[in-house]
Amino acid sequence: MNGTIRVGNLFGIPFYIHPSWFLVLGLVTWSYSSGLAAQFPQLSAGLALLLGLMTALMLFASVVAHELGHSFVAIGQGIDVKSITLFIFGGLASLEKESKTPGEAFWVAIAGPMVSLLLCGIVTAIGVTTAASGPLAAILGVLASVNLALALFNLIPGLPLDGGNILKAIVWKITGNPYKGVTFASRVGQIFGWVAILSGVVPLLLFGNAGNFWNLLIGFFLLQNAGNSAQFARVQEKLTGLTAEDAVTHDSPIVSANLTLREFADERVISGQNWHRFLVTDDDGQLVGAIAVDNLRTIPTALWSETQVKEVMRPITESTTVQSDQPLLEVMQLLEQQKLSVLPVIRENGVLVGILEKAAIIQLLQSRTQPNPA
C-alpha cells in the first residue's frame, strides 16, 4: 500500500504505518521530552525522553481511536473497513464503499470527532478528579488539548476532512444527489487548502518567517485530496445508471466448446484476431471456461483435428465473473481492487454476454464527457 508497513490487525482491521510516521514520532517525542525537561528541571534526561515517547505514543493512540470511531460505525452499517493507516498528517480509515444514505454517511463522518471529544473529556476528568500535578498533569493536559484540536481540525467543513464528509452528507440530504455533496465539499476543501497555503507562504515571503511551514504542507494535502475527491465524484456521476452490459466489448473473444482445435486455430487465431485468451461457451451459450492461444502448444498439431476446445479449456469460477445488470461503478471498483483488466459478463441464467475491459470503461467515460454535436 504505497510503501506502508503492515504491523498487524486492530479488531480484525489491517493496520498500516507509513514510513513518514516514524519521523513524526521522533519529532513529537523530542519536542515533548524537551518541553518536560525545561518545565521540570528535576527530571533526568532519560526519564524526560521516556515520558516524551510515552506521550507521543498516546497521542498517536488517540489518532487510532479516532479512526476506529469511523470504522466501528461503518462496520455497523455493513461496510467493510479495508485498513487503518497512520501517516504524517494523522490517520486514515479506508472503507470498502460509501454509506447507502446521507444519514448513515453523516454518522460515519462524525464518529471520529466524537471519539476525540470524548477522549478529551475523559482525560480532563482524570486530571481534575485525581488532582494530578507535575509531569503527569502536563502530559494529561497535552493529551486533552491535542484530542480537542484533532476533533476541531477534522470538523473543518471541507474534504477530505471529517467536516467535509459531514457537509457532503448534508448537501446529499438536501439535493438527493451524493455526487453534488462530494463536489461541493471538495470545493470548500480546496478553498481551505488555498487559505492554509497562503497562511504559510505570505509570512515567508514578506517577513522571512517559516513558522507556518506546517500550514503549507497541510494546504497542499487538502488541495490535492479535495481535487481527487471531486474528480472521482465526476467519474461516479457519469457511471450512474450504467451496467456491466453497457461496457461489454463488441465482438468479444468467444468460442464454442465443441470446436476442434484446428477449427479454433483457423477461425479465431489465424484469421487475424489479436486476442490471446478466449471465453468458451456450451450449446446453450453459457460460460463454461476459457482457453488461451498458448494452450494450443500443449497439444501436438497432428491431434488438433480430433481434439475439442472443451478438452483443453480451463474452468472459470463465478467469483471471476460479473452479472450483466451489476452497476458499472461496482464493476470498476472490483477491477481496481482485484487488479484485473478484463472480466466476463454473464446474465442471471449463466449465458455469456461478452467481456468487459477496463479500457472500455475509460472509453465510455470519455464518450460521455465529450459534448454532443449541435
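In this structure, Leu-86 sits in strand β3 (residues 81–87). Under the relative-accessibility criterion, Leu-86 is labelled buried at 3%. Put simply, Leu-86 and Thr-124 are 38 residues apart on the chain and 25 Å apart in space, counted from C-alpha to C-alpha. Filtering out sequence-adjacent residues up to four positions away, Leu-86 remains in contact with Phe-15, Tyr-16, Ile-17, His-18, Trp-21, Phe-60, Val-63, Val-64 and Gly-91.

Further remarks concern the nonpolar core. Counting 33 residues, the largest nonpolar core has Phe-15, Trp-21, Leu-36, Phe-60, Ile-84 and Leu-86 as the members making the most contacts within it. For this core, the secondary structure elements donating two or more residues are β2 (13–17), α1 (20–39), α2 (45–76), β3, α3 (102–129) and α4 (134–154). No other element matches α2, which puts eight residues into this core. Contact partners of Phe-15, with chain neighbours within four places excluded, come to Ile-5, Arg-6, Val-7, Gly-8, Asn-9, Leu-10, Val-64, Ile-84 and Leu-86. Counting 19 residues, the second largest nonpolar core, distinct from the first, contains Tyr-179, Val-345, Leu-364 and Leu-365.

Taken in spatial order, the three strands make up an open sheet running β5-β6-β7, and their pairing is mixed. The open sheet terminates on both sides in strands that have one partner only, identified here as β5 (254–256) and β7 (287–292). Put simply, the sheet's adjacent strands are angled 35° from each other on average, direction ignored. Alignment of strand β6 (residues 277–281) against β7, held across five bridges, turns out to be antiparallel. The residue of β7 that forms the bridge with Val-280 is Gly-289.

What follows is about the side chain of Ser-324. Topologically, Ser-324 is positioned in the loop between β8 (322–323) and α10 (328–337). Non-local contacts of Ser-324, meaning those with residues more than four positions away in its chain, are made with Thr-243, Ala-244, Glu-245, Val-345, Ile-346, Arg-347 and Val-353.

The rules we used
- Residues numbered from 1 in each chain as written.
- Predicted model: local features only at pLDDT ≥ 70, side-chain atom pairs only at ≥ 80, totals over all residues.
- Heavy atoms only, no water.
- Helix = DSSP H or I, 4+ residues; strand = E, 2+ residues; numbered from the N terminus.
- Buried < 20%, exposed > 50% of the residue type's maximum accessible area, 1.4 Å probe, protein only.
- Contact = heavy atoms within 4.5 Å.
- Core = buried A, V, L, I, M, F, W, Y, C linked by side-chain atoms within 4.5 Å.
- Pairing = 2+ DSSP bridges.
- Axes fitted to C-alpha atoms, helices over the stretch in contact; angles between N-to-C directions.

In short, shape yes, function no, at least from these values alone.
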